[in-house]
Amino acid sequence: MQRVKDCSRVLLLVAAALCLASPALGQGRAPQDRKQKPTKAPPEEIVRVNSSLVQTDITVLDKQGRFARGLTADQFELFVDGRPQAISFFEPVMAQEPIASDQGTRPGTSEVSATTPAPAPPVSKSADRGRVIFFFIDDVHLAPENLIRARKALLSFVENEMRQNDQVAIVSTSGKIGFLQQLTENRGVLREAIARLNNQSNPEAYAGKVPISEYDAAQVSEHFNRELFQYLVEATAAEFQTDLVTAAANVVNRVHQVGFNSRTATSNTMGALLGLMRSSAVLPGRKIVFFMTDGFVADPRSSGVMEMLKLVTQTAAQVGAVIYAMDARGTFSDPGVDATQNRYPDFTGHVSRNLLGESTATQEPLQILAANTGGRAIINSNSFQEGFARALDESSSYYLLAWRPTNEGQQSDKSRVTVRVRNRPDLKVRVRRGFIEAPTGFASNRDGAKSGGPTSSPDDQLRAALASLYPRRDLPIALSVGYMNLLKGGTVLTASMKIDAGTLDSIPLSDNQQAELDVLGTAIDDRDAIASFKQKVSIDARAKAENRPLLWNQQMPLAPGLYQVRVAVRERQSGRTGSAMQWLEVPEITSQLAMSSLFLGARDPDEAVAVNVTAAPRPVMINADRHFAAGSVLRFQSYIYNAAQAGGAAELMIQARVFRNDVVVLTLPAAMVPADTTSDQMRLPYWAEIALEKFPAGKYVLEVTTIDRRTKATAMQQASFVVD
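Bear in mind the structure is a predicted one, so any value in this text is a computation, not a measurement.

Here we come to the overall build of the protein chain. The number of helices and strands found in the protein chain is 11 helices and 29 strands. Burial statistics for the protein chain: of 724 residues in total, 53% are counted as buried. Within the protein chain, contacts between residues at least 6 apart in sequence are counted, and of these 76% link residues at least 24 apart. Surface exposure of the protein chain reaches about 32,300 Å², of which carbon and sulfur atoms provide 51%.

Here we take up the sheet that holds strand 11 (residues 417-421). Reading across from one edge, 3-2-11 is the order of the three strands in this open sheet, with antiparallel pairing throughout. Edge positions in the open sheet fall to strand 3 (83-85) and strand 11, since each of these has one partner strand only. Strand-to-strand twist across the sheet, computed as the mean angle between neighbouring axes with direction ignored, equals 35°. Sheet topology places strand 2 (residues 76-80) next to strand 11; five bridges connect them, and they run antiparallel. Looking at the pairing, Glu77 lines up with Arg420 of strand 11.

This part takes up helix 3 (residues 187-195). The complete set of buried residues in helix 3 reads Arg187, Gly188, Val189, Leu190, Ala193 and Ile194. Among the structural elements, helix 2 (144-161), strand 6 (167-172), strand 18 (561-571) and strand 19 (577-586) are those in contact with the buried residues of helix 3. Its side-chain oxygen placed 2.8 Å from the backbone nitrogen of Gly188, Asn186 serves as the N-cap of helix 3.

The next thing to look at is the packing of helix 4 (residues 214-221) against helix 5 (residues 226-240). Running from amino to carboxyl end, helix 4 crosses helix 5 at an angle of 115°, the nearest separation of the two axes being 8 Å. Crossing geometry of helix 4 relative to helix 5 is assigned as left-handed. Residue-level inspection shows Asp216, Gln219 and Val220 of helix 4 in contact with helix 5, the latter providing Leu228, Phe229 and Leu232. Among the residues making up the contact of helix 4 with helix 5, the classes are represented as four nonpolar, one polar and one charged.

Another aspect to go through is the nonpolar core. Ranked by size, the top nonpolar core spans 38 residues in total, and within it Leu479, Met497, Ile499, Val519 and Trp552 carry the most contacts. Of all elements in the fold, only strand 13 (478-486), strand 14 (490-500), strand 15 (514-525), strand 16 (530-540), strand 17 (549-557), strand 18 and strand 19 reach the threshold of two or more residues within this core. With five residues, the top contributor of residues to this core is strand 14. Apart from the residues lying within four places of it in its own chain, the contact partners of Leu479 are Ala495, Ser496, Met497, Val565, Val567, Ala580, Met581, Gln582 and Ala624. If you look at the next biggest cluster of nonpolar residues, it comprises 35 residues, including Leu147, Val322, Met326 and Ala328.

Within a regular beta strand, the side chains point alternately toward one face of the sheet and then the other, so they alternate between its two faces. Extensive coverage of strand 2 is indicated by the burial of five of its five residues. Because side chains alternate across strand 2, one face comprises the buried residues Phe76, Leu78 and Val80, and the other comprises Glu77 and Phe79, equally buried. Strand direction decides the pairing type here: strand 2 and strand 3, joined by three bridges, are antiparallel. Bridge pairing links Leu78 to Gln85 in strand 3. The antiparallel hairpin formed by strand 2 and strand 3 contains two residues in its connecting segment, where Asp81 sits at a positive phi of about 55°.

Another point: the packing of aromatic side chains. The full count for this structure, using the stated rule, is 18 aromatic pairs. An angle of 70° between the planes, with centres 5.2 Å apart, marks the rings of Phe135 and Phe157 as edge-to-face. With Phe135 in strand 5 (residues 132-137) and Phe157 in helix 2, this pair connects stretches of sequence that are 22 residues apart. For Phe135, a relative accessible area of 1% puts it in the buried group. By relative accessible area, Phe157 is classed as buried at 2%. Between the aromatic rings of Phe135 and Phe388, the centroid separation amounts to 5.1 Å while the plane-to-plane angle is 70°, which identifies the pairing as edge-to-face. Of this pair, Phe135 sits in strand 5 while Phe388 is found in helix 9 (residues 384-395), placing the two residues 253 residues apart along the sequence. Here the aromatic cluster, defined as three or more aromatic residues joined through ring pairs, consists of Phe135, Phe157, Phe290, Tyr324, Phe384 and Phe388.

Most of strand 10 (residues 398-403) sits out of view: six of its six residues are buried. Of the two faces of strand 10, the one holding Tyr398, Leu400 and Ala402 and the one holding Tyr399, Leu401 and Trp403 are both buried throughout. Across five bridges, the pairing between strand 4 (residues 89-93) and strand 10 is antiparallel. What sits directly across from Val93, in strand 10, is Tyr398.

In this section: the side chain of Asp708. Summarising the element assignment, Asp708 is placed in strand 28 (residues 698-708). Buried charge without a salt bridge: Asp708, with Arg710 as the nearest opposite-charge side chain at an N-O distance of 5.5 Å. Side-chain polar atoms of Asp708 contact the backbone nitrogen of Ala644, separated by 2.9 Å. Aside from chain neighbours lying at most four places away, what touches Asp708 is Leu593, Ala643, Ala644, Glu651, Leu652 and Ala713.

Another point: the environment of Ser88. By the secondary structure assignment, Ser88 is in the loop between strand 3 and strand 4. Note: C-alpha distance between Ser88 and Trp403 (315 residues apart in sequence) is 4.8 Å.

Look at Asp81: it is not a glycine, yet its phi comes out positive at around 55°. Take Asp81: it is sitting in the loop between strand 2 and strand 3. Not every positive phi belongs to a glycine, and Lys712 is a case in point at roughly 70°. Along the chain, Lys712 turns up in the loop between strand 28 and strand 29 (714-723). A relative accessible area of 64% places Lys712 in the exposed class.

Conventions used here
- Residues numbered from 1 in each chain as written.
- Predicted model: local features only at pLDDT ≥ 70, side-chain atom pairs only at ≥ 80, totals over all residues.
- Heavy atoms only, no water.
- Helix = DSSP H or I, 4+ residues; strand = E, 2+ residues; numbered from the N terminus.
- Buried < 20%, exposed > 50% of the residue type's maximum accessible area, 1.4 Å probe, protein only.
- Contact = heavy atoms within 4.5 Å.
- Areas by Shrake-Rupley, 256 points an atom, 1.4 Å probe, with all protein chains shown as cover.
- Pairing = 2+ DSSP bridges.
- Axes fitted to C-alpha atoms, helices over the stretch in contact; angles between N-to-C directions.
- Polar contact = N/O pair within 3.5 Å; in protein donor to acceptor, adjacent residues only side chain to side chain.
- Left-handed = near helix turned anticlockwise from the far one by under 90°.
- Nonpolar A, V, L, I, M, F, W, Y, C, P; charged D, E, K, R; others polar.
- Core = buried A, V, L, I, M, F, W, Y, C linked by side-chain atoms within 4.5 Å.
- Phe/Tyr/Trp six-rings, centres within 6.5 Å; stacked < 30°, edge-to-face > 60°.
- Lys, Arg positive; Asp, Glu negative; His and termini not counted.
- Salt bridge = Lys/Arg side-chain N within 4 Å of Asp/Glu carboxyl O.

What follows is the structure in C-alpha cells.
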C-alpha cells in the first residue's frame, strides 16, 4: 500500500463534500412532445423532458388518504391559470407495493429455518424501485426532549419500516452528523448518524421564571406588544426584587438577544435545507423530505426568512422534492398551568392568549413549506411513526405530467396549475407550486467539491473526483469492498475494482500501446482516520477492442470501525475521471462468533457442474459490480471466526436465504461447515452456489447466517446483487 502524500488535503475535500447528501445518478432532460406512453424505462430513471416542455409531479389520494393507482392520461384535466392545457406526456411512477405479512420478512428479522419454503409470489420489476427519503432534523430548534423522541422514531423507522431498495439519509441543521449525512441503504450507517444527533439550540444563559420565546421577542421588538412587555417587566421586577426601570432594561436586553439568536438559528436552518435541496438535484425521481422541527418565527419585519422559504420551495420544485413538515412539539398545553414552573401570575390573561398566537406563528413556515412543495404539514400529533407511514404511502408513488407552455408566463412559478380527475370527485389531487426542471444555478458544481477543470493538474483532478459528493459517471467504475481476518496481518479491507475497457478513450491504440489509468483510493472512518492507496493500471489495445472488463484488487489493514471507501480513476489520455464509494463496517473480531464479508462471484462456465461444498473452497473471482447474467451460477464465500472448539471439532450450521423486495424468494437447505478443509480452526471457510436460471431480472439480497450449535451463538452477513 502506498500512502498518498496529500492525505490531509483529500480528507478536507471529502469532509467538505459530504456535508449534505449522497451518491446518485445524474438527471437529464425530459422527453419529446408525445401523447402516447413511451417505451418502458428503467424504474430508477426519472422521465426526461426537453426544455420546451414543463413537467410537474402530482399526488392523487382517495377518501382514505391512500394513493390512487391505475389512472390513465385521458382521465386527467390540466389547467394553467384557469385555461385548459393539453397533456403532452404522462407517466405513472409507482413505488414498490407495501409488504404483506404473509410474504416473508425483510432480511435479518426472522428466525432461521432449515426447511425450504414454497416459492414466494413473483415480484414485478417496479418492485425494485426504492424510495429516496431525507430526514432533515432541525437540531437548532428542537427542544432536548423532542429530539430524544425524534431519535427513537428514526431508529424505529430504520429497523422496522425501511425497505430493501430504499435510500435514506439523516441530515441536520448543524451538520454535526458529519460525513454520515449521505443517502445509504446501510442500516449501520443510519444508526450511527442517529446516535450523533444532539441538541444544538442556543437558549438564554439564564431565563429564570420568566422565559422569553422567540415569538415573544418578535411581538415586543417588531409588533410593539405593550401588554406582553408590561407583563414581562412586572414579572422580572417581582422575581429579582428590583424597580420597574431596571426590570424594563433587563427585558429589552433579553428581547434583543433572543431575537438575534432566533434570526441566526432560522437563517442556518433555511440555509441548510436549501443546501439539501440543491445537493439532491442530480438524484433521479421524487425525493421525500421529512423536516422535523419545533417550529420557528417567520417574521418578514425582522428577517428575510420569507424570501428564504420561497427560495427553498422553488428549488424543491426544480429538483422534485416533496417536504413533509413535522412539528415535534405535538399537542400544545398551557405552560401557565404547570405548577413546577411557578410562573408570575398573568392577571390579564394576555400570556395565555399569546400561546395560541405562538403556536400558529411558529407553524406557519411549516405550512408554507409543505403546501408549496406538494407535501403536508403534520402538526398537533404526538406520533412520528404515523406521520412517516401516511406520508410515504401517499407520496412514494405519483403521476408525472408534462405540457407545452403557450407563453413564457406559463413557465414561471407564478402560474397557477390545477389538475383534476374527470368524473372522480372522490379523488383529491395535490399539486406543488413550481415545476420540475433542469437546475442551472447549481448543476455545474453539484458535487460540492472542486471540479478539477482542465487547467488543474492531473493529481488535482483525481483528488477532486475522489472527494465528489456523488459518483462521477464520465468514466464508470465498479467497486466492491469487504473485510476478512488473516492469521498474519489481522483485519484487512479487500477492495475489488472493475472498469469496462470499451468505456476508455475512443482514440484507437496501436498494438504496442496501452491505455493508462491512475487510481486513488481511500478509507475514511468516523474518527477522521484515513488509509489510502495509489495505483497505475494499464490495458492493451486488444482488451480494449474486445471490450473486456479490467479487474484489479487492493488490500489495506484496517482497525475495527465504520468506513466509507472511495475510489477515483483518471484516464491519462483523455483526462476523464470516474469515482465510486461504498460503506463498510468492520467489527471487533475477538472471541465471539463472527463472519467475514460475503464475497460474490460467478462460477467459471468451464468449471464442472457438480457442486460439493464439503471440498476445499473453490476460487471466487469477485464480481465488483455484483451484476450477474440470467442463467449464470452465483458463488459466494465467507469465513467464520471463533467457532467453539471444546470437546472436538466445530459444529457450525449455515443457512442462506435470498430476498427480493423484502420477500424470501429462496431458502437453501441448511448445511454444516466442513472443519477438515483447513488447519486453522479459528478461520473456517465456507462456500456455496446459487443457480440463477429461474431468477427474474431485478435486485436481490443474499443473507447468510451462521449458527454455532455448541454455544447457540449466531452471526450474519448480507450482500446485494443484481440479475440482468
